[in-house]
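# Coordinates in review
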Amino acid sequence: METLNDSPITTEAEHERSPQEAALRIWLKVLITTRWTAIPVVIIASLVATRVFNIAFPTAPVYYICVFIALYNLALLLQARRIEARGAGSLVRTIRFYGSIHIVLDLVTLTVLLHFTGGIENPFIFYFVLHIIGASIALSRKEVYLLASTALFMVSLLVGLEYAGVLPHVNLVGFAPPLLYQQVSHILAVLVVLATALYISTYMATSVAMELRRRQQEVIELRERLLHERTGQLEKASIEIAKLEEEKQRFLHFLGIAAHDLKAPLTAIQGFLWIMLGGYSGELSDKQKNMLERSSRRITELLNLISDLLDIPRIETGQTMQDIKEISLREVVRRSLDDLRNTAKEKGIKLKVEIPQNLPRIQGSSPRLQQVITNLVSNAISYTPEGTVTIRITEKAKELQVEVIDTGIGIPPDELPQVFDDFFRASNVEARGTGLGLSISRRIVEAHGGRIWVESPYPENNRGSKFTCTLPKKNKGKKK
Amino acid sequence: MTKKILLVDDDVDFIESTKTVLESKPYQVIVAYEGDEGLRKAREEKPDLILLDIIMPVKDGFTAAEQLKKDPELSKIPTLMLTSYSARRSETSIPVSRGFSLEVDDYIDKPIRPEELLATVEKYLNK
């Protein structure tokens, strides 16, 4: 039952990242990777501009900036790894915070890069849109608008300072007219286009991202609800099992008391009857003796019936299989026969035992299997007027096979299917037993994971019957 | 010298018939009706053999037997448990505290024929 309570799902959830967290981690990685690719792109663009299109501008600052990007990207990479190493926990806010730093750094770097590569003349000015889309994936709409505004502010500041002559302007010679940076209409047009591009892409990208995040949240909630329901169901099931177990124990307890209280008076009566029959209380007439003997026999019948009746629920509730041990079947047979040898001798029946020397031990309940062997052999003795009863054990691939063969009166063919039913008594014999012996034997054998069957008349002898039961060598049993 | 047997059982009728059989030998039979009384009489009388029923009021037979076996003076006295057949067959669900792993000398199935009872008792007295 502990395994039921200890639901594996909760432990799993503790180690597993939330989908939101996982997505944010990937976002950080993508930012870093993109930056690595941005560096060669910047270098190639500069080379192409200067060598292919013969655009003249000082390239040294561009390479310094590339080195700077590489350095801070390395720092951010190490920092992202540190977050990764922290493992589980609610890292959502942390990652978002560091992500914003990434973006701000990129915005500043791009602005500085623009300053050294023509400012307002450089069409790469529209690359700010890419940063904003990158930010939209993970940050809130408000944050992205703020970043877009920051970008716009920095660009305007740069362009404004260059226009006012506070900052020196670098002309892309051969690409843009030297005084383009002083042309207000151009400046305004570029800034308006940039501003609208920034805000529209912010709006579009954050809309899509928000919708995706909302869906993701739904999935998370759904998963949690399912998890919760499953845990609830498991809890309910384990309570049910505990209740059933408790009921079973109560029932067995009841049976135990019933058995004792039913038998105690009979035992006392039997005691007195045997004393009288044994002559401990004075001489008896033959008639008295005969009547007492018959009374005693009836008491024995009743005691056996009570034992058998109470045995059935005990076996069926699995109580038998609680004392499963490694046992020697040879030993079980020996003990059974010890009890029956006298009866066989009195009837003049020969008992033949064929058990191989190196019989493997099996898992089983020794007293219960002894009950089966005793039942089969005593039946065989009872229904055999003369001849031999053979007890043979053979080892098969996966099981041991026990055969009890007699040379007796056999069982009428039409009654064979009912032999193992409760209260079955063959029509060709005088009713003596409780009719429960074989049905109990069947239950015991089945509880051990084996089978039991009968053949009559036994073909080899053409008379009598052969009872066979199998017991698996590796017993899984029905441990209830 | 007459051997002393302590018979512990809560059923007066069972006690009477058993006592009759044992006294015919003759053995001296001391009677107790539950486990605690049985333990007390065992200490006082130092019997040669104890017959102990399992299900009894106050103190059941398994508990009493366990305490007997712990007592250095009493542990050597052969102790035979009286059981009803179903309890002998397998682990029992009777309301007692111990299982069958108990180190008692033997189990006697109730009811027992007079001659069998005498044979068993004699076997353990002569050990």
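Shown above is the structure to which this text applies.
Every value quoted in this text rests on a predicted model; they were computed, and no experiment measured them. (Residues numbered from 1 in each chain as written. Chains lettered and ligands numbered in written order. Predicted model: local features only at pLDDT ≥ 70, side-chain atom pairs only at ≥ 80, totals over all residues. Heavy atoms only, no water.)

### As for the nonpolar core
All names here are of chain A. Worth spelling out the cut-off: Only buried Ala, Val, Leu, Ile, Met, Phe, Trp, Tyr and Cys residues count toward a nonpolar core, and they belong to the same one when joined by side-chain atoms within 4.5 Å. Exposure classes here rest on a 1.4 Å probe applied to the protein chains alone. A residue is buried below 20% of its type maximum, exposed above 50%, and partly exposed in between. Helix numbering and strand numbering both begin at the N terminus, where a helix is a DSSP run of H or I of at least 4 residues and a strand a DSSP run of E of at least 2. Residue contacts are counted whenever heavy atoms from the two residues lie within 4.5 Å of one another.
Grouped together as the largest cluster of nonpolar side chains are 44 residues, with contacts concentrated most on Leu329, Leu369, Val377, Val389, Val419 and Phe467. Breaking this core down by element, the ones donating at least two residues are α9 (286-316), α10 (329-347), α11 (366-382), β4 (388-395), β5 (399-406), α12 (437-447), β6 (451-455) and β7 (466-472). It is α11 that provides the largest number of residues to this core, a total of seven residues. With sequence-adjacent residues up to four places away left out, Val419 is seen in contact with Ile411, Phe424, Leu438, Val454 and Phe467. Membership of the second largest hydrophobic core comes to 38 residues, among which are Leu31, Ala138, Leu139 and Val159.

### A word on the side chain of Gln370 of chain A
All names here are of chain A. One can find Gln370 in helix α11. Of the residues examined, Gln370 reaches a relative accessible area of 17% and is grouped as buried. The residues touching Gln370, leaving out its near neighbours within four places in the chain, are Val332, Arg335, Ser336 and Asp339.

### Comments concerning the environment of Glu331 of chain A
All names here are of chain A. Quick reminder of the rule: By the criterion applied in these results, polar contacts are pairs of N or O atoms within 3.5 Å in which, for protein atoms, one can donate a hydrogen and the other can accept it, and in which residues neighboring in sequence qualify only through two side-chain atoms.
Looking at where Glu331 falls in the secondary structure, it is placed in helix α10. Judged by relative accessible area, Glu331 falls into the partly exposed class, the value being 31%. For the pair Glu331 and Gln370, spaced 39 residues apart in sequence, the C-alpha separation works out to 9.2 Å. There is a polar contact of 2.5 Å between the side chain of Glu331 and the side chain of Arg334.

### A word on helix α5 (residues 92-116) of chain A
Defined as follows: In this analysis, the expected span of each helix is defined as 1.5 Å times one less than the number of residues it contains.
Spanning 25 residues, α5 of chain A covers 37 Å between terminal C-alpha atoms, matching the ideal 36 Å at 1.5 Å per step. At the C-terminal side of α5 of chain A, Gly118 of chain A shows a positive phi close to 100 degrees.

### Regarding the layout of surface pockets
Residues and elements named next belong to chain A. Put simply, the rule reads: The distinction between a cavity and a pocket rests on a 1 Å grid over the protein atoms alone: a 1.4 Å probe fits inside a cavity but cannot get out, while a pocket stays open yet meets protein on both sides within 12 Å along at least five of seven lines, and a residue with an atom within 4 Å of a point counts as lining. Grid points are joined across faces, edges and corners, and a volume is the space filled by probe spheres set on the points. Polar here means any residue outside two lists: the nonpolar Ala, Val, Leu, Ile, Met, Phe, Trp, Tyr, Cys and Pro, and the charged Asp, Glu, Lys and Arg; Gly therefore counts as polar.
In this model, the second largest pocket occupies a volume close to 900 Å³. Together, 36 residues line the second largest pocket, and Ala38, Val42, Leu110, Phe124 and Tyr127 are the ones closest to its centre. Breaking the lining of the second largest pocket down by element, the ones donating at least two residues are α3 (19-52), α4 (60-85), α5 and α6 (128-138). When grouped by side-chain class, the residues that make up the lining of the second largest pocket number 26 nonpolar, eight polar and two charged.

### Quick notes on helix α7 (residues 141-164) of chain A
Residue and element names in this part refer to chain A. The first and last C-alpha atoms of α7 sit 34 Å apart over 24 residues, in line with the 34 Å expected at 1.5 Å per residue. Those residues of α7 that are buried lie in contact with α5, α6 and α8 (184-277). Trailing α7 by a residue or two, Gly165 shows a phi angle of about 85 degrees, which is positive.

### A look at the sheet that holds strand β2 (residues 28-32) of chain B
Residues and elements named next belong to chain B. Our working definition: Pairing between strands requires that DSSP locate at least two bridges from one strand to the other. Whenever a helix is involved, its axis is fitted only over the stretch in contact; in every case the axis is a line through C-alpha atoms, and angles between N-to-C directions fall within 0 to 180 degrees.
Sheet architecture is open: five strands sit in the order β2-β1-β3-β4-β5, paired in parallel fashion. The strands lining the two open edges of the sheet, one partner per strand, are β2 and β5 (106-110). When the angles between neighbouring strand axes are averaged without regard to direction, this sheet yields 25 degrees. Two strands pair when backbone bridges link them, and strand β1 (residues 4-8) and strand β3 (residues 49-53) are joined in this way by four bridges, in the parallel orientation. Counterpart to Leu7 in the pairing with β3 is Leu51.

### Section: the sheet that holds β7 of chain A
All names here are of chain A. Pairing in this open sheet of five strands is mixed, and the strands run β2-β4-β5-β7-β6 from one edge to the other. Both edges of this open sheet fall to β2 (350-354) and β6, since each of them pairs with a single strand only. On average, adjacent strands in this sheet sit at an angle of 15 degrees to one another, irrespective of strand direction. The sheet contacts of α11 involve β2, β4, β5, β6 and β7, and relative to β5 the element is tilted by about 25 degrees.

### Considerations on the packing of α8 of chain A against helix α1 (residues 12-23) of chain B
Let me state the cut-off plainly: Roughly parallel here means an angle under 35 degrees, roughly antiparallel means over 145, roughly perpendicular means 65 to 115, and every remaining angle is called oblique. In this scheme, a crossing is called left-handed if the near helix is turned counterclockwise away from the far one by less than a right angle; it is called right-handed if the turn is clockwise.
Orientation of α8 of chain A relative to α1 of chain B, taken along the N-to-C sense of each, is 25 degrees, at an axis distance of 8 Å. Accordingly, the angle class assigned to the pair α8 of chain A and α1 of chain B is roughly parallel. In the crossing of α8 of chain A with α1 of chain B, the sense of the turn from one axis to the other is left-handed. Where α8 of chain A approaches α1 of chain B, its residues Thr267, Ala268, Gly271, Phe272 and Ile275 of chain A are matched on the opposing element by Asp13, Phe14, Glu16, Ser17, Thr18, Thr20 and Val21 of chain B. Its residues assigned to classes, the contact of α8 of chain A with α1 of chain B comprises five nonpolar, five polar and two charged.

### Brief notes about the pairing of β4 of chain A
Residues and elements named next belong to chain A. With five bridges connecting them, β2 and β4 associate as parallel partners. Residue pairing for β4: Val353 is matched across the bridge by Ile391. Alignment of β4 against β5, held across seven bridges, turns out to be antiparallel. When the sheet's bridge partners are listed, Arg392 is paired in β5 with Glu403.

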